[in-house]
Amino acid sequence: MKKNMADRLVELREKNHLSQSAVASRLGVTSALISAYEKTERNPSLERLIALADVYHTSTDYILGRSATDSHAAIIEVRDLTDAQIRILRELIEVMRHPEPE
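So, here is what we can say about the structure in this document. Treat the numbers as computed from the prediction; the structure is a model and nothing was measured.

Along the backbone of the chain there are six helices and zero strands. Across its three principal axes, the chain shows a C-alpha extent of roughly 55 × 35 × 20 Å. Counting all 102 residues of the chain, 28% fall into the buried class. Sequence-distant contacts, at least 24 apart, represent 46% of the contacts inside the chain between residues at least 6 apart. Counting 14 positive and 16 negative side-chain charges, the chain places the averaged centre of each group 7 Å from the other.

At Thr40, a residue that is not glycine, the phi angle is positive and equals roughly 60 degrees. In this structure Thr40 comes out as exposed when scored by relative accessible area, which is 53%. Positive phi values are uncommon outside glycine, yet His57 reaches one of about 55 degrees. Mapped onto the elements of the fold, His57 is located in the loop between helix H4 (46–55) and helix H5 (60–64).

Bringing helix H2 (residues 20–27) into the picture now. Within the sequence span of H2, burial applies to Val23, Ala24 and Leu27. Down the axis of H2, the buried set is contained in an arc of 100 degrees. They therefore lie on one face. The outward face of H2, more than 90 degrees from its buried face, is lined by the exposed residues Ser25 and Arg26. The secondary structure elements touched by the buried residues of H2 are helix H1 (5–15), helix H3 (31–38) and H4.

At a minimum axis separation of 10 Å, H2 and H4 run at an interaxial angle of 120 degrees. As far as their axial angle goes, H4 and H2 are oblique. Pair H2 / H4 crosses with right-handed handedness. Residues Val23, Arg26 and Leu27 of H2 form the contact with H4, whose participating residues are Ala51, Leu52 and Val55. Split into classes, the residues belonging to the contact of H2 with H4 amount to five nonpolar, no polar and one charged.

Scoring rules and cut-offs
- Residues numbered from 1 in each chain as written.
- Predicted model: local features only at pLDDT ≥ 70, side-chain atom pairs only at ≥ 80, totals over all residues.
- Heavy atoms only, no water.
- Helix = DSSP H or I, 4+ residues; strand = E, 2+ residues; numbered from the N terminus.
- Buried < 20%, exposed > 50% of the residue type's maximum accessible area, 1.4 Å probe, protein only.
- Contact = heavy atoms within 4.5 Å.
- Lys, Arg positive; Asp, Glu negative; His and termini not counted.
- Charge placed at Lys NZ, Arg CZ, Asp CG, Glu CD.
- Arc of directions from axis to C-beta.
- Axes fitted to C-alpha atoms, helices over the stretch in contact; angles between N-to-C directions.
- Parallel < 35°, antiparallel > 145°, perpendicular 65-115°, else oblique.
- Left-handed = near helix turned anticlockwise from the far one by under 90°.
- Nonpolar A, V, L, I, M, F, W, Y, C, P; charged D, E, K, R; others polar.

Honestly, that's just the spatial picture; any functional story needs more than this.
Laid out in structure tokens, this is it:
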């Protein structure tokens, strides 16, 4: 069965061991609003969708059903790195993907 956004929000909240109140507190909203998101009564704004993704350590694509994985495994924050550091990370990732046989 394909999960909708509400199902994914519940799954992510529970996976992160958070109550609706805890999520609401982190977002500066009411727990009733978090409940409404989880019951498909309301949809989060773009700003709140991004905040939810940050709270749950996932991507907005996963919450929206555009990605099958909820992991940031493929997402690395490089905003504050230099071009040289980013190049080194890319090289390291390639080495890890294709290790030399022992």
